[in-house]
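Coordinate analysis (summary)
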Amino acid sequence: MASQKTLRICEHGHRYYKSSDCPTCPVCNEAQKPQHGFLRELSSPARNALLHQEIDTLEKLSGYRETDIVALHGVGPASLPVLRQHLARAGLKFKN
């Protein structure tokens with residue numbers, strides 16, 4: 001059964017509907033999306049999960065195991081190929 005969507009208004013006055021309890025405003029989230037780099041290519045939940053852990057560079061990302069990253073709420077297995085590709089381009093890889 002699908003959840004009922006409710007109207008929400010963020011602190012900046014954006015109006016949006018959500019069916020989950022996630023408080024993130026999609027308008028604000030899109031405005032905060034990086035213009036370049038590996039974080040730009042990730043979904044908003046995955047990007048937010050990494051940023052919540054202060055993982056904002058490939059060097060920091062390389063200090064984690066893949067299993068640690070995919071265990072973060074918001075990061076799914078679809079994010080791993082993107083992350084691996086960016087790490088490889090920088091001559092880095094996930095921690096063993």
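Here we summarise the structure given alongside this text. Only a predicted model underlies this, so the values are computations on that prediction, with no experimental measurement involved.

The next point concerns the overall build of the protein chain. In terms of regular secondary structure, the protein chain is built from 5 helices and 2 strands. Starting at the N terminus, the α and β elements of the protein chain follow one another as β-β-α-α-α-α-α. Here the protein chain, with 96 residues, has 29% of them falling under the buried criterion. Long-range pairs, those at least 24 residues apart, make up 33% of the contacts in the protein chain with a sequence separation of at least 6. Taken as a whole, the protein chain presents about 6700 Å² of accessible surface, with 52% of it coming from carbon and sulfur.

What follows concerns the pairing of strand β2 (residues 15-18). What you see with β2 is a clean split: Y16 and K18 sit on the buried side and R15 and Y17 on the side with no burial. Relative to β2, strand β1 (residues 6-9) is paired through 4 bridges, and the arrangement is antiparallel. In the strand pairing of β2, L7 is matched with Y17. In textbook terms, the turn of a hairpin is the stretch between consecutive antiparallel strands, and for β1 and β2 this stretch comprises 5 residues, one of which, G13, has a positive phi near 90 degrees.

Here we take up the layout of surface pockets. If you add up the space inside the largest pocket, you get close to 250 Å³. C22, T24, S44, P45 and N48 are, among the 14 residues lining the largest pocket, the residues nearest its centre. If you tally residues by element for the lining of the largest pocket, the top one is helix α2 (residues 44-52), at 4 residues. Residues belonging to the lining of the largest pocket are distributed by class as follows: 6 nonpolar, 6 polar and 2 charged. One number sums up the size of the second largest pocket: a volume of about 170 Å³. Around the second largest pocket, the lining residues are C10, E11, H12, T24, C25, C28, N29, Q32 and N48.

Procedures and definitions
- Residues numbered from 1 in each chain as written.
- Predicted model: local features only at pLDDT ≥ 70, side-chain atom pairs only at ≥ 80, totals over all residues.
- Heavy atoms only, no water.
- Helix = DSSP H or I, 4+ residues; strand = E, 2+ residues; numbered from the N terminus.
- Buried < 20%, exposed > 50% of the residue type's maximum accessible area, 1.4 Å probe, protein only.
- Contact = heavy atoms within 4.5 Å.
- Areas by Shrake-Rupley, 256 points an atom, 1.4 Å probe, with all protein chains shown as cover.
- Pairing = 2+ DSSP bridges.
- 1 Å grid on protein atoms, 1.4 Å probe; cavity = no way out; pocket = protein on both sides within 12 Å on 5 of 7 lines; lining within 4 Å.
- Points joined across faces, edges and corners; volume = space filled by probe spheres on them.
- Nonpolar A, V, L, I, M, F, W, Y, C, P; charged D, E, K, R; others polar.

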